[in-house]
Amino acid sequence: MKRPFADYAYSAEPIRRCHWADAVPGADLAAPTAQGDMDIDYAVIGGGYTGLNAALRLAEAGEQVVVFDAEHPGWGASGRNGGFCCLGGTRAEDETLERRHGEGAVDEVRRAEVASVDHVAGLLDRLGIDADRHSEGETILAHSEAKMRQLRAEQADYDAAYGVKTTLVEKADLRAAGLNGRFHGALTVPVGFALHPRKYLAGLAKAAEAAGARLRGRSPITRIERKSYGYQLSSPAAKIRTRKLIIATNGYSSEDVPEWMRSRFLPAQSSVIATRPMTQAELDAQGWTAHQMAYEDRRLLHYFHLTPDNRMVFGQRGGVIASAGNEARIERKVRRDFERLFPEWKHVETPDYWSGMVCLTATLTPFCGAIPEMPGAYAAFGYHGNGVAMGSYCGAMLADLARGGTAEIPRAFARPPGRFPLGPMRRGWLAAEYAFARLTNA
Ligand SMILES: Cc1cc2nc3c(=O)[nH]c(=O)nc-3n(C[C@H](O)[C@H](O)[C@H](O)COP(=O)(O)OP(=O)(O)OC[C@H]3O[C@@H](n4cnc5c(N)ncnc54)[C@H](O)[C@@H]3O)c2cc1C
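Residues numbered from 1 in each chain as written. Predicted model: local features only at pLDDT ≥ 70, side-chain atom pairs only at ≥ 80, totals over all residues.

1. With respect to the overall build of the protein chain
- Scanning the protein chain from N- to C-terminus turns up twelve helices and 18 strands.
- Radius of gyration (C-alpha) of the protein chain: 21 Å, near the 22 Å computed for a compact globule of 442 residues.
- Buried residues in the protein chain amount to 50% of all 442 residues.
- Contacts spanning at least 24 positions in sequence make up 77% of the contacts within the protein chain whose residues lie at least 6 apart. (Helix = DSSP H or I, 4+ residues; strand = E, 2+ residues; numbered from the N terminus. Rg over C-alpha atoms; globule rule 2.2 N^0.38 Å. Buried ≥ 20, exposed ≤ 12 C-beta atoms within 10 Å, placed from the backbone. Contact = placed C-beta atoms within 7 Å.)

Next comes the structure, spelled out in structure tokens:
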């Protein structure tokens, strides 16, 4: 497996201090290794939200499906994210979407965003998964007066785009709303909720197995070959014959599994700290008492929410070089930003720090569909850091497609993204983006 970042990014180091693993350790998610000759109908590569949603949907439809993960289900971003089950997934401008995909393309994307949040809410309810759900929608915090003016001007657009009634909070009222920090005001969109990402993941894995899906861990798929019956997959201890194939590897994808993926994805690091539980007095001192998931509206945003036991989980985009030294530098940077936004919490320890890979595409839209050069093979990836809801939804949609049915997929997601220029050096695009964001403080 050839992957764009150094081995460190794919090792256990970046999640050694992941807060979510306290409640759901990796050992609880372990699955048996794939062994010997296997002959199956559907193989899913990747055991995150995308792969497990595909597997659950297939298994519930009575199909025979096996999920293969290189480590264990939830090893990737799905077991280590910020816990925002929110709108998003696409970074392309509205005008670009309409120009590329025709009239109505933006509405389709908006509908899919809302459907994806509803999809996860429906799963939690139907499967009885207790994932510490909290937060009433999502709050956007203005980092400057100019941004606040923009939010005021855009409020009606948000209402129309999502068919909701958003709420504006002016700077003077932030403390009363429990949203006080170095912000200039807020806009809350009442769609989405926060959750414990590993509890959702574990519940999903259990439900998929209960429905008949088989999960295999420590089973990297290292080679995919086209055969008359479908595909032959190679794993260190197994040879797998499968009729249909679903690729669900997102930010942990390789350039050569399958070769079609080469340069079509760009992993980007996201990094998170979590405080110890805070007392009510500490929350009151800062004036941030809401259990609301929120993000500061910058090009490279900060995202955060108070968990039900009053820990602040606080994340942002990481670096472009994966190494222990760089990781330590990023942790210090995240901590500095946290103290700048919440100065009353300078004394509050942040024992937990972790990072992982999100996934971008050259079109700035997710892909969810059939792989053109590979009959019977499907893929979904590129949620641009918003895959809790969108990855879950796309996984379920892929299952419907793979079974030969139709699926509610926006046109913008169905067209495969082209390859990034610069090939293996494409991380250079991130470095340029980060430098620009720093320069403009946008
Ligand atoms: C720190 C961080 C914070 C984030 N915060 C949020 C958030 O708050 N809200 C939000 O919506 N999104 C967030 N995201 C993004 C979100 O977590 C992802 O978009 C989503 O989890 C992607 O799910 P997935 O199943 O497609 O991929 P992943 O969960 O990354 O799973 C891919 C899996 O594929 C496996 N794999 C790769 N190659 C192979 C192979 N060859 N053989 C076998 N297995 C293989 C990997 O081991 C991995 O387990 C965050 C991501 C990170 C890293």
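Picking up after the structure, the text goes on.
2. Thoughts on the site of the ligand
- Residues in contact with the ligand amount to 45 residues; listed here are only the nearest, Gly-48, Gly-76, Gly-82, Gly-356 and Gly-387.
- Breaking the shell around the ligand down by element, the ones donating at least two residues are helix H3 (49-60), strand E12 (266-274), strand E16 (352-360) and helix H10 (387-402).
- Considered class by class, the residues forming the shell around the ligand number 20 nonpolar, 22 polar and three charged. (Near = placed C-beta within 6 Å. Nonpolar A, V, L, I, M, F, W, Y, C, P; charged D, E, K, R; others polar.)

3. Comments concerning the pairing of strand E6 (residues 185-189)
- Counting buried positions along E6 gives five out of five residues, so the element sits mostly inside the fold.
- Here strand E4 (residues 138-141) runs beside E6; their pairing, made up of four bridges, is antiparallel. Its bridge partner lying in E6, Thr-139 is registered against Thr-188. (Pairing = 2+ DSSP bridges.)

4. With respect to the packing of helix H5 (residues 105-127) against H10
- Contact pair H5 / H10: the axes reach a minimum separation of 8 Å and the direction vectors enclose 85 degrees. With respect to their mutual orientation, H5 and H10 come out roughly perpendicular. Here Ala-112, Ala-115, Ser-116, Val-117, His-119 and Val-120 of H5 lie close against H10, whose contacting residues are Val-388, Ala-389, Met-390, Ser-392, Tyr-393 and Ala-396. (Axes fitted to C-alpha atoms, helices over the stretch in contact; angles between N-to-C directions. Parallel < 35°, antiparallel > 145°, perpendicular 65-115°, else oblique.)

5. Focus on the domain arrangement of the protein chain
- When its domains are assigned, the protein chain resolves into domain 1 (7-85 + 198-267 + 361-440) and domain 2 (134-194 + 270-356).
- Put simply, the middle of domain 1 and the middle of domain 2, counted by C-alpha atoms, are 28 Å apart.
- Counting residues at the interface gives 21 residues for domain 1 and 24 residues for domain 2.
- Among the secondary structure elements, those contributing two or more residues to the side of domain 1 that touches domain 2 are strand E3 (84-85) and helix H12 (427-440).
- Top contributing element to the side of domain 1 that touches domain 2 by residue count: H12, with five residues. (Domains from an automatic or database assignment.)

6. Digging into the pairing of strand E14 (residues 302-306)
- For E14, a buried count of five out of five residues is recorded, marking the element as mostly surrounded by other parts of the structure.
- Here E14 shows a buried face lined by His-302, Phe-304 and Leu-306 and a second buried face lined by Tyr-303 and His-305.
- The pairing of strand E13 (residues 293-296) with E14 spans three bridges and is antiparallel. Within the sheet, the bridge partner assigned to Tyr-295 lies in E14 and is Tyr-303.
- Summarising the sheet, E14 and strand E15 (residues 312-317) pair through five bridges and their orientation is antiparallel. Following the sheet pairing, Phe-304 is matched in E15 by Phe-314.
- The loop that links E14 with its antiparallel partner E15 comprises five residues; one of these, Asn-310, has a positive phi angle of about 65 degrees.

7. Quick notes on the nonpolar core
- Core analysis: the largest hydrophobic core is formed by 129 residues, its most contacted members being Val-44, Ala-55, Cys-85, Ala-208, Ile-246 and Leu-398.
- Per-element accounting of this core gives the leading share, eleven residues, to H10.
- When we break this core down by domain, the ones giving at least three residues each are domain 1 (7-85 + 198-267 + 361-440) and domain 2 (134-194 + 270-356).
- Excluding its chain neighbours within four sequence positions, the residues that come into contact with Ala-55 are Val-44, Val-65, Val-67, Ala-208 and Ala-213. (Core = buried A, V, L, I, M, F, W, Y, C linked by C-beta atoms within 7 Å.)

8. Concerning the environment of Arg-426
- Relative to the assigned elements, Arg-426 resides in the loop between helix H11 (411-414) and H12.
- Note: C-alpha distance between Arg-426 and Ala-31 (395 residues apart in sequence) is 34 Å.
- Non-local contacts of Arg-426, meaning those with residues more than four positions away in its chain, are made with Pro-4, Ser-263, Leu-266 and Phe-420.

9. Points about the environment of Ala-237
- Tracing the chain through its elements places Ala-237 in the loop between strand E10 (230-235) and strand E11 (238-247).
- On a C-alpha basis, the gap between Ala-237 and Ser-271 in space is 34 Å, while along the polypeptide they are 34 residues apart.
- Apart from the residues lying within four places of it in its own chain, the contact partners of Ala-237 are Thr-33, Ala-34 and Gln-35.

10. Section: helix H6 (residues 145-162)
- The end-to-end C-alpha distance of H6 is 25 Å, a good match for the 26 Å that 18 residues give at a rise of 1.5 Å each.
- At Glu-154, H6 shows its maximal kink, close to 45 degrees.
- After H6 finishes, the residue Gly-163 shows a positive phi value of roughly 60 degrees. (Expected span 1.5 Å × (residues − 1). Bend = angle between axes of the 7 residues up to and from the residue.)

11. Looking at the sheet that holds E16
- What the eight strands build is an open sheet, ordered E5-E6-E4-E13-E14-E15-E12-E16; its pairing is mixed. Each edge of the open sheet carries a strand with a single partner, namely strand E5 (167-170) and E16. The sheet shows a mean angle of 20 degrees between the axes of neighbouring strands, taken without regard to direction.
- Inspection of the sheet shows E12 paired to E15 by five bridges, in the antiparallel sense. Residue pairing across strands places Ser-270 opposite Arg-317, the latter belonging to E15.
- Across the sheet, helix H9 (residues 324-341) touches E12, E13, E14, E15 and E16, and the angle it forms with E12 is around 55 degrees.

12. Concerning the environment of Lys-147
- By secondary structure assignment, the location of Lys-147 is in helix H6.
- Separated by 283 residues in the primary sequence, Lys-147 and Leu-430 place their C-alpha atoms 24 Å from one another.
- The residues touching Lys-147, leaving out its near neighbours within four places in the chain, are Ala-142, His-184 and Asp-297.

13. Some remarks on the packing of helix H4 (residues 94-101) against H5
- Here H4 crosses H5 at 115 degrees, and the two axes come no closer than 8 Å. In contact with Asp-94, Leu-97, Glu-98 and His-101 of H4, H5 contributes Ala-105, Val-106 and Val-109.
- Class assignment of the residues belonging to the contact of H4 with H5 gives a composition of four nonpolar, one polar and two charged.

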